[in-house]
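Architecture at a glance
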Amino acid sequence: MSAFAPPKSKKARDTGASSNGNQKDYFKGIGNIQYKPDAGADEVMVFKHYNATEVISGRTMAEWLRFSVCFWHTFRGVGSDPFGFPTIKRPWDDGSDSMENAKRRLRAAFEFFSKLGIKYWTFHDRDISPEGETLEETNRNLDEITDLALELMEQTGVKLLWNTCNLFANPRYMNGAMTNPDAHVVAYAAAQIKKGLEIGKKMNAENFVFWGGREGYFTILNTDIRSELQNMANILKMVVEYKEKIGFKGQLLIEPKPKEPARHQYDYDAMTVIAFLRTYALQEHFKINVEPNHTTLAGHPYEHDVVMASVCGMLGSIDSNTGSPDLGWDTDQFPMDVKNCTMVMKTVLEQGGLAPGGLNFDAKVRRESTHLNDMFIAHIGAMDSFARGLRSAVKIKEEGILANMVQQRYASFESGLGAKIAKGVSSLEECEDYVKQNGEPELVSGHQEKYESVLNHYV
Ligand code: XUL
Ligand code: CO
């Protein structure tokens, strides 16, 4: 994510000048996106697979998929990369840090959500509202902007999937936020999180996310890892206490990522986060927000963390995006690969849904995709890919062929010694006796290609 402009020293107050009064038509000529299953290949401003109200496997598609637009990429992304300047200029955005501009962005965003028919959004505190000179001023800005956001949410029926704190862009966080070696910075992060939780409560956020982009190290030589991990756990304990104190009901989520911007990030992948939570007795209070592009950055297959978190009962939400597996960094592309989406939805179905989590498009249009329509096309394409993934996953589940194949593969644990091992009531001596009586096990094929062919039948 590189959509964050460096903080400006200029005062960020509303000048009160123009256009935050009336709703504007920022996307002229684009109406509400329709479901048109028979649309031709070149019709890309319609849904061909996502039919929000269609009931499938007991729920509407909207309820299964719980799509969300992220504010930071879609309304703060300007197309800059480490080698190039911005390429994307939105007609409502004058590029300033003014409150006026922040309000225009919000109005454009809610028009976009409504036309797309998406029911959730997500934001970082600093995407929607400029930092002031002091924490108090920053918080006042945030209060004013979230008042408008609440109004727009009420008008449109769009809800907040989650909010989060940007604890990585400001220079004060260059050595970490909750894991900074300076207690003053840790306190600043805690104060920012306190406000974030209050905003979450005010806006009825269904979740609250922690992503620790600078919680990690660049060199072990200057890092007291034990102390950093303990401090992070202690701040998260304060979060649990404060959340209960103010009666904020959202699910707390941690989003793993192995590296970038830090060289090593403590929240490396789903299993590392789960181990951290269990080590510090926090597992009851948090779940995981898996982002598949982070999973592949950790060297795992696309669906790995979704599956691992789900198996541990810890899959809370998904930042549904993808990378380019041939590149080694976080490109945050829109998820367009139907097989990947099928694998994710297969797990989501198996665990009975994602609520209160959802599929948040933490994805940005390419630097070269500069047209306003590209914002729609990207989201529609990704929503359709997930709709196809859902339809395929439902068929896979209903026909039960893959599940039967897997069950057969493990059938030896259903009776005899296998059942005792599975229940945890056998012993090493008993296993030794069994082998003495039964000799060498047969080689049983794993049939990988058969499983892959069966999956292909559905995708
Ligand atoms: C960064 C990333 C973040 C989190 C929220 O890679 O994914 O946008 O989702 O801070
Ligand atoms: Co993310």
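In this report, the structure presented in the accompanying data block is examined. (Residues numbered from 1 in each chain as written. Chains lettered and ligands numbered in written order. Predicted model: local features only at pLDDT ≥ 70, side-chain atom pairs only at ≥ 80, totals over all residues. Heavy atoms only, no water.)

Digging into the coordination of the cobalt ion (ligand 2)
Looking at the metal site, the cobalt ion (ligand 2) is ligated by E255 (OE), E291 (OE), D319 (OD) and D362 (OD), spaced 2.0 to 2.1 Å from it. Coordination at the cobalt ion (ligand 2) is octahedral, judged from the 6 donor atoms that bind it and the angles of 80 to 170° they form at the metal. Counting residues between consecutive donors of the cobalt ion (ligand 2) along the chain gives the motif E-x35-E-x27-D-x42-D. Remark: D362 occurs in the loop between strand 12 (359-361) and helix 12 (372-399) and E255 occurs in strand 8 (residues 251-255); sequence separation between them is 107 residues. This pair shows no difference in class: E255 is buried, exactly as D362 is. (Donors = N, O, S within 2.8 Å, 3.2 Å for Na, K, Ca; no water. Tetrahedral: all angles 85-135°; square planar, octahedral: opposite > 155°, others 65-115°. Helix = DSSP H or I, 4+ residues; strand = E, 2+ residues; numbered from the N terminus. Buried < 20%, exposed > 50% of the residue type's maximum accessible area, 1.4 Å probe, protein only.)

Some words on the sheet that holds strand 4 (residues 120-124)
Ordered by their spatial adjacency, 8 strands build a closed barrel running 3-4-5-6-8-10-11-12, and the pairing between neighbours is parallel. Taken pair by pair, the neighbouring strands of this sheet meet at an average axis angle of 30°, ignoring direction. Bridging between strand 10 (residues 286-290) and strand 11 (residues 315-319) involves 3 bridges; their strand directions are parallel. Pairing of I288 across the sheet is with L315, part of strand 11. Across the sheet, helix 12 touches strand 3 (67-70) and strand 12, and the angle it forms with strand 12 is around 155°. (Pairing = 2+ DSSP bridges. Axes fitted to C-alpha atoms, helices over the stretch in contact; angles between N-to-C directions. Contact = heavy atoms within 4.5 Å.)

Re the environment of S80
By the secondary structure assignment, S80 is in the loop between helix 2 (71-76) and helix 3 (99-116). For S80, a relative accessible area of 25% gives the class partly exposed. Taking the C-alpha atoms as reference points, S80 and G353, separated by 273 residues in sequence, lie 36 Å from one another.

As for the site of ligand 1
Of all residues adjacent to ligand 1, which total 12 residues, the nearest are H124, E255, E291, D319 and D362. Between ligand 1 and the protein, one listed contact pairs an oxygen atom with a side-chain N or O atom of W72 at 3.3 Å. E255 is positioned such that a nitrogen or oxygen atom in its side chain is 2.7 Å from an oxygen atom of ligand 1. Its residues assigned to classes, the shell around ligand 1 comprises 4 nonpolar, 2 polar and 6 charged. (Near = heavy atom within 4 Å. Polar contact = N/O pair within 3.5 Å; in protein donor to acceptor, adjacent residues only side chain to side chain. Nonpolar A, V, L, I, M, F, W, Y, C, P; charged D, E, K, R; others polar.)

Observations concerning the side chain of S310
Looking at the secondary structure, you find S310 in helix 10 (residues 304-311). Those residues within four positions of S310 in sequence are excluded, and the remaining contacts are L315, T347 and Q351.

Considerations on the layout of surface pockets
Taken as a whole, the second largest pocket encloses approximately 700 Å³ of empty space. Of all the elements in the fold, those that place two or more residues in the lining of the second largest pocket are helix 10, helix 11 (338-350), helix 12, helix 13 (401-409) and helix 16 (448-458). For the lining of the second largest pocket, the residue count by class is 12 nonpolar, 6 polar and 7 charged. Here the lining of the second largest pocket spans two domains, since at least three of its residues come from each of domain 1 (55-399) and domain 2 (415-458). (1 Å grid on protein atoms, 1.4 Å probe; cavity = no way out; pocket = protein on both sides within 12 Å on 5 of 7 lines; lining within 4 Å. Points joined across faces, edges and corners; volume = space filled by probe spheres on them. Domains from an automatic or database assignment.)

Observations concerning the pairing of strand 6 (residues 207-211)
Among the 5 residues of strand 6, 5 are classified as buried, and the element is accordingly described as predominantly covered. Of the strand pairs in this sheet, strand 5 (residues 159-164) and strand 6 are connected by 3 bridges, and their pairing is parallel. Paired with N163 across the two strands is F208, which belongs to strand 6. With respect to chirality, the unit in which strand 5 leads through helix 6 (residues 183-202) into the neighbouring parallel strand 6 is right-handed. Alignment of strand 6 against strand 8, held across 5 bridges, turns out to be parallel. Pairing of F208 across the sheet is with L252, part of strand 8. (Right-handed = clockwise from strand over helix to strand, strands pointing away.)

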